[in-house]
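One-letter residues, chain by chain:
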Amino acid sequence: MSSALETLRRDFGGDIIEPGDAEYEAVGGSKLVPGSPAYVLRPENVDDVRAAVGFASGSGLPLAVRGGGHGFPGFGTNDGGVVIDLSRLADVDLVDGERHIVRIGGGATWGQVAAALAPHRLAISSGDTKSVGVGGLTLSGGIGWKVRKYGLALDSLVAAELVTADGEVVTASAEENPELFWAIRGGGGNLGIVTAFEFAAHPTTDVFFGKVTFPASEAVEVLQGWAKYLRTAPEELTSIASLANPFAGGHEAPVEIHIAFDGDDQQLADAAIDPIRRLGTVVGDDVALTAYADVLVEGATPPPGIQVVARNAFVDREPVPEVLQILAEVGASPGSPVIALRSVGGAVSRVADDATAYAHRQAELMVVTLTAGPKPVIDAAGPDLDALWGKLAPHVDGAYANFLASAAEEDVAAVYPADTYRRLAAVKRQYDPSNLFAGNHNVRPE
Ligand SMILES: Cc1cc2nc3c(=O)[nH]c(=O)nc-3n(C[C@H](O)[C@H](O)[C@H](O)COP(=O)(O)OP(=O)(O)OC[C@H]3O[C@@H](n4cnc5c(N)ncnc54)[C@H](O)[C@@H]3O)c2cc1C
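All of the points below concern the structure found in this document. Since the model is a prediction, treat every value here as computed from it, not as a measurement.

**Digging into the nonpolar core**
Logical step 1: Core analysis: the largest hydrophobic core is formed by 54 residues, its most contacted members being Ile 104, Trp 110, Leu 162, Leu 180 and Ile 184.
Logical step 2: The greatest single-element share of this core, amounting to five residues, is contributed by helix H7 (residues 178–184).
Logical step 3: Setting aside anything within four residues of it in sequence, one finds Trp 110 in contact with Ile 124, Ser 126, Thr 129, Lys 130, Val 132, Gly 133, Val 134, Leu 137, Thr 138, Ala 153, Phe 199 and Leu 296.
Logical step 4: The next biggest cluster of nonpolar side chains, apart from the first, holds 42 residues, and it includes Ile 259, Ala 272, Leu 341 and Leu 385.

In structure tokens:
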């Protein structure tokens, strides 16, 4: 180890942070999960990433690659291993103004991207939170506020630069290493470290953004009407319905229909949003014209000791009414988790299931539950949560890797349908045969 460390110190221009160093407390854990790695390596450039990968692979220690550090399972840290923290690779450059091609460092956050693109009146449909990483969100999907119009974040990706397990720098695009390009669009961090992403951004105006709320007692009708309307609503409209907001009364909280309308024309926005306003008795409506960069919220880091459990699944068209009925009932019971339903469909579903390693293209909705609290609260909530997911099981399908707090075999199987998994495993054998990059919903090379 000591000679490997000497080589690292010679070749690596970034920070090497070890237990006891002043910064260690701040960088040891990821945002949602604590950790105690032996080394946090913070590269400044691609050569540093190569040196860090060489060190990690030679050390035999577990490796975690950290983008924005927001992964629910805590993939951005470990105990006793090596963490490669990409936060210094955060440049955002408009490299082709005509085609709106933006090159983004592998450790940038979506807040950095939105702020850098705002002066150009450009945006990339990503997520809802500034501090979430471009890396993790894009490599597994990216369901953001313009998802129905522009698809997943990974649908706007045109190329990526990766450092692979053997330290090589490769480009993945439709022209270069197309199978690797297929794999990184859904395959998470399995294939290597993305040091730069190239996206085709889209022009943006300010957008209409906010929420319309209805009494909890109207949940069933509002949710059913909402889901039905989304089938014909303009794709400029993206929406999230949420129940049991703990900051607004928990199981007695109003039903919240969050809305983003991509455009600044008041009449078109009203025409798109009014059918939602007519779904029930409106008790709140704060939809207003907002700069796209301000739509993204700051991500809160939970205080020490607080765990966050996220579970999710996709809902195809046919079982939507049944699923909404179950969720409305559970949302109104004491102890309900936070329930969010995200609209997908639109541009997401116009891409073939096998065009990328993200395969759940035909779903209309994604249902997510979130439970947060100290361990005893999480443990106590477990049986009710299992019961809810047991009720949903016959009607839902698959899972979105980015909203899963666990990474057991069944989670990986839910994320990757069998054909996708087999094809990913073949790419994995080529680029990471020893499974160096295992801190993810892992696709094994064998
Ligand atoms: C508050 C919050 C809000 C969220 N909102 C949304 C949302 O609106 N839409 C949505 O789709 N998702 C959302 N998510 C989920 C989010 O997409 C995932 O948590 C995602 O994995 C976070 O990426 P990260 O880079 O911040 O996390 P990390 O924990 O750093 O990384 C997650 C995974 O990606 C890998 N990875 C990260 N960067 C790279 C890279 N450059 N190269 C190779 N591998 C890499 C890591 O190794 C790890 O396996 C949200 C999560 C949180 C906590």
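**With respect to empty space enclosed by the protein**
Logical step 1: A full pass over the atoms with the stated rule returns three cavities of 30 Å³ or more.
Logical step 2: In terms of lining, the largest cavity is formed by Ser 140, Gly 186, Ala 357, Tyr 358, Ala 359, His 360, Ala 399, Tyr 400, Ala 401, Val 415 and Tyr 416.
Logical step 3: Class assignment of the residues belonging to the lining of the largest cavity gives a composition of eight nonpolar, three polar and no charged.
Logical step 4: Roughly 40 Å³ of internal volume is contained in the second largest cavity.
Logical step 5: Forming the boundary of the second largest cavity are Ile 143, Gly 144, Trp 145, Val 147, Thr 238, Ser 239, Ile 240, Arg 342 and Ser 343.
Logical step 6: For the lining of the second largest cavity, the element with the highest residue contribution is strand E13 (residues 237–243), accounting for three residues.

**Focus: the site of the ligand**
Logical step 1: Close to the ligand lie 34 residues; Val 65, Gly 67, Gly 69, Gly 133 and Tyr 400 are nearest.
Logical step 2: Take Val 65: an N or O atom from its main chain is 2.6 Å from an oxygen atom of the ligand.
Logical step 3: A distance of 3.1 Å separates an oxygen atom of the ligand from a polar atom in the backbone of Gly 136.
Logical step 4: Against a free-state accessible area of 940 Å², the protein chains account for coverage of 93% of the ligand.

The rules behind each value
- Residues numbered from 1 in each chain as written.
- Predicted model: local features only at pLDDT ≥ 70, side-chain atom pairs only at ≥ 80, totals over all residues.
- Heavy atoms only, no water.
- Core = buried A, V, L, I, M, F, W, Y, C linked by side-chain atoms within 4.5 Å.
- Buried < 20%, exposed > 50% of the residue type's maximum accessible area, 1.4 Å probe, protein only.
- Helix = DSSP H or I, 4+ residues; strand = E, 2+ residues; numbered from the N terminus.
- Contact = heavy atoms within 4.5 Å.
- 1 Å grid on protein atoms, 1.4 Å probe; cavity = no way out; pocket = protein on both sides within 12 Å on 5 of 7 lines; lining within 4 Å.
- Points joined across faces, edges and corners; volume = space filled by probe spheres on them.
- Nonpolar A, V, L, I, M, F, W, Y, C, P; charged D, E, K, R; others polar.
- Near = heavy atom within 4 Å.
- Polar contact = N/O pair within 3.5 Å; in protein donor to acceptor, adjacent residues only side chain to side chain.
- Areas by Shrake-Rupley, 256 points an atom, 1.4 Å probe, with all protein chains shown as cover.

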